[in-house]
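# Architecture at a glance
Take a look at the letters that make up each chain.
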Amino acid sequence: MDSQRLYTYRHADGQYIVSIANHACVEEAIAAACRDLGIGAAAVRGIGAVNEATLRFYDPATKRYVDRRFEEQMEIASLEGNVSQMDGKQYLHLHVTLGRADYTALAGHLLSARINGAGEIVITPVGADLPRRYDPETGLNIYDFR
Ligand code: FE
């Protein structure tokens, strides 16, 4: 899917209201919108529905990520995240709470998810660079505001 087909948007009051196309990937659409719109740093939030998602859990004890894929219809009850930079490249950090058909919820770091229904995202640009660096103590790519 080319970038223009991933989403449509409206700009208002300094924010970008983004509608992710049906069957597009959430993380790809957000990344493309930020690139296309010249947004280097932002806060991201959203709601919608997906039918597949890969979530990631970080274990600080082992400093390893465990990924798990879910293939079922789920509501994006809450998507929260940010856009920043690492080594001069765009860096997306997204977390999600997904509601299942039985009204229980899954949650975690969002690696990838495919919209099945709507994807309604708000991108709020931040007028500053938000660099990251690898932190050996936590094993995470943390903000570098030193
Ligand atoms: Fe995370």
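Presented here is a report on the structure given in the accompanying data block. (Residues numbered from 1 in each chain as written. Predicted model: local features only at pLDDT ≥ 70, side-chain atom pairs only at ≥ 80, totals over all residues. Heavy atoms only, no water.)

## Some remarks on the coordination of the iron ion
Note on metal sites: the ideal angle is 109.5 degrees for four tetrahedral donors, and 90 or 180 degrees for six octahedral donors. In the first shell of the iron ion, the protein supplies His93 (NE2), His95 (NE2) and His109 (ND1), at 2.2 to 2.3 Å from the metal. If you list the donors of the iron ion from N- to C-terminus, the spacing comes out as H-x1-H-x13-H. For His93, a relative accessible area of 25% puts it in the partly exposed group. (Donors = N, O, S within 2.8 Å, 3.2 Å for Na, K, Ca; no water. Buried < 20%, exposed > 50% of the residue type's maximum accessible area, 1.4 Å probe, protein only.)

## Brief notes about the nonpolar core
Counting residues in each nonpolar core, the largest one holds 33 residues, and the members touching the most others are Ile20, Val26, Ile30, Leu79, Leu98 and Ile123. When residues of this core are traced back to their parent elements, those giving at least two are β2 (15-20), α2 (26-36), β3 (42-59), β5 (74-86), β6 (89-99) and β7 (105-125). Among all residues touching Ile30, those that are not within four sequence positions of it are Ile20, Val44, Leu79, Leu92, Leu94 and Ile121. (Core = buried A, V, L, I, M, F, W, Y, C linked by side-chain atoms within 4.5 Å. Helix = DSSP H or I, 4+ residues; strand = E, 2+ residues; numbered from the N terminus. Contact = heavy atoms within 4.5 Å.)

## Notes on α2
Along α2, 8 of the 11 residues are buried, which leaves the element largely enclosed by surrounding structure. For α2, the complete set of buried residues consists of Val26, Glu27, Ala29, Ile30, Ala31, Ala32, Ala33 and Cys34. Remark: Gly38 follows α2 within two positions and exhibits a positive phi of approximately 70°.

## Focus: the layout of surface pockets
Of the pockets and cavities examined, the largest pocket occupies roughly 320 Å³. Around the largest pocket sit 13 residues that line it, and Tyr65, Tyr91, His93, His109 and Leu140 are the ones nearest its centre. Per-element tally for the lining of the largest pocket: the top contributor is β6, with 4 residues. (1 Å grid on protein atoms, 1.4 Å probe; cavity = no way out; pocket = protein on both sides within 12 Å on 5 of 7 lines; lining within 4 Å. Points joined across faces, edges and corners; volume = space filled by probe spheres on them.)

Any link to function would need more than the numbers given here.
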